[in-house]
Amino acid sequence: MSVDSALFHSALLALTPILLAALGGAVCERAGVFNIGLEGMMLIGCFSAVAGSWSTGSAWLGVLFGALSSAAYAMILAVGTITLRGDAVVLGVALNLLAVGLTGFLLRTVFGVQGTFSDPRLAGLGDIGLPGLEAVPFVGPALSGHSPLVYVSWVAVAVAAVFLSRHPWGLRLRGVGEAPDAAATLGVSPAKYRYAAVLTSGVLCGLAGAQLALGNVTLFSENMTAGRGWIAVVAVMLGRALPLGVLLAALLFGVAEAVGFRLQGNGLPQQATDAAPYVVTLIALFLSTARRKRRKRLKSVGPKAGGSAPRDPEPLVGASS
């Protein structure tokens, strides 16, 4: 198998839905809400984007429909976990299952078809080139010629990184997730920030679904997310809810999916190549868990092995400051 610009182009295409959904999950994680319903929100975004594009003839109105519908769907999780104090994991799994049944039902009701809906009137997002970059060997073909939402996802990573580390609202959001009682004593409403985080997650999942249904392809099929939302949850865990870490984790899965497609073209069975991203997910989770356990073991054994605490107090002072 050759490594060329087409492979990286395909990897970036596969990366984008996972990255957008994972950024939404990271924002929720920072606010103290474990959002495991990314799969269902993304699937709602897929269907709504296709329905909006088909009914209006505009791909961008379809993207808007997808973002708003997914945000409305995320409100179920927000009300259930924040206001009613329900279990976020149970609600997230329920939302994922509900989305599969709901979109399948709406596919038959709205479009009158089963399985897959595709129509010549369905407007896709199309691709745009980056001026001045297209002529650069290898880099140009890999980075240029994507749908606009691919570039939006790159900007979203930078915005999320600056927001969470620099902006007062982002710092308060992190404070709500780490110490909600302390934040409340300072006049910050944990409920408001958590609602905002879950709604933001819904919007990002809607964009992820729109990219998958109108950017990667131009159709809707039942359960077309095919576990990408679950991979996004893993990307949040591997990236420790940091935007750059989430980007690197999502890139890992995007490359795995692109390699799987390339191997399928070389004659490997489809079932084996389709499993490539999930095999990488399991390996990454195993390695991450082993590394965390090793660090905990070293922290617990370290002081005992030294026999006594360090004599030089300066590192302790620096750490506490």
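Residues numbered from 1 in each chain as written. Predicted model: local features only at pLDDT ≥ 70, side-chain atom pairs only at ≥ 80, totals over all residues. Heavy atoms only, no water.

Enquirer: For this particular structure, what's the right way to read the confidence of the model for the protein chain?
Expert: For residues with low pLDDT, the predicted coordinates do not support detailed interpretation. Of the residues in the protein chain, 91% have a pLDDT of 70 or more, and the chain-wide mean is 87. Per-residue pLDDT stays below 50 along residues 305-321; that stretch engages in 1 contact with residues further than four places along the chain or on separate chains. (pLDDT = per-residue confidence, 0-100. Contact = heavy atoms within 4.5 Å.)

Enquirer: Looking at this structure, how should I read the nonpolar core?
Expert: Here is a general trend for soluble globular proteins: nonpolar side chains tend to be buried in one another's company. One finds Leu23, Val50, Val198 and Phe220 to be the most contacted residues of the largest nonpolar core, which totals 64 residues. Within the residue set of this core, elements represented by two or more residues are helix H1 (5-30), helix H2 (38-56), helix H3 (59-83), helix H4 (88-111), helix H6 (148-165), helix H9 (190-216), helix H10 (228-238) and helix H11 (243-265). Non-local contacts of leucine 23, meaning those with residues more than four positions away in its chain, are made with Ser153, Ala156, Val157, Ala160, Leu204, Pro243 and Val246. In this structure, Val27, Ala31, Ala183 and Tyr193 belong to the second largest nonpolar core, which totals 9 residues. (Core = buried A, V, L, I, M, F, W, Y, C linked by side-chain atoms within 4.5 Å. Buried < 20%, exposed > 50% of the residue type's maximum accessible area, 1.4 Å probe, protein only. Helix = DSSP H or I, 4+ residues; strand = E, 2+ residues; numbered from the N terminus.)

Enquirer: Which parts of the structure should I look at to understand unusual backbone geometry?
Expert: Both trends apply: most residues other than glycine have a negative phi, and most peptide bonds are in trans. The phi angle at alanine 226 is positive, at roughly 50°, despite the residue not being glycine. The exposure class of alanine 226 is partly exposed, given its relative accessible area of 37%. Of note in this structure, arginine 240 is not a glycine but carries a positive phi near 55°. When you line up the elements, arginine 240 lands in the loop between H10 and H11. Residue arginine 240 is classed as partly exposed on the basis of its relative accessible area, which comes to 45%.

Enquirer: Quick question: what am I supposed to make of the packing of aromatic side chains here?
Expert: The relation between two aromatic rings is expressed through the spacing of the ring centres and the mutual angle of the planes. Counted according to the given criterion, the structure contains 6 aromatic pairs. Look at phenylalanine 47 and phenylalanine 220: their rings are 5.3 Å apart centre to centre, the planes differ by 80°, and that puts the pair in the edge-to-face class. Of the two residues, phenylalanine 47 sits in helix H2 while phenylalanine 220 sits in strand E2 (residues 220-221), which places them 173 residues apart along the sequence. Take phenylalanine 47 and phenylalanine 220: they sit in the same class, and that class is buried. (Phe/Tyr/Trp six-rings, centres within 6.5 Å; stacked < 30°, edge-to-face > 60°.)

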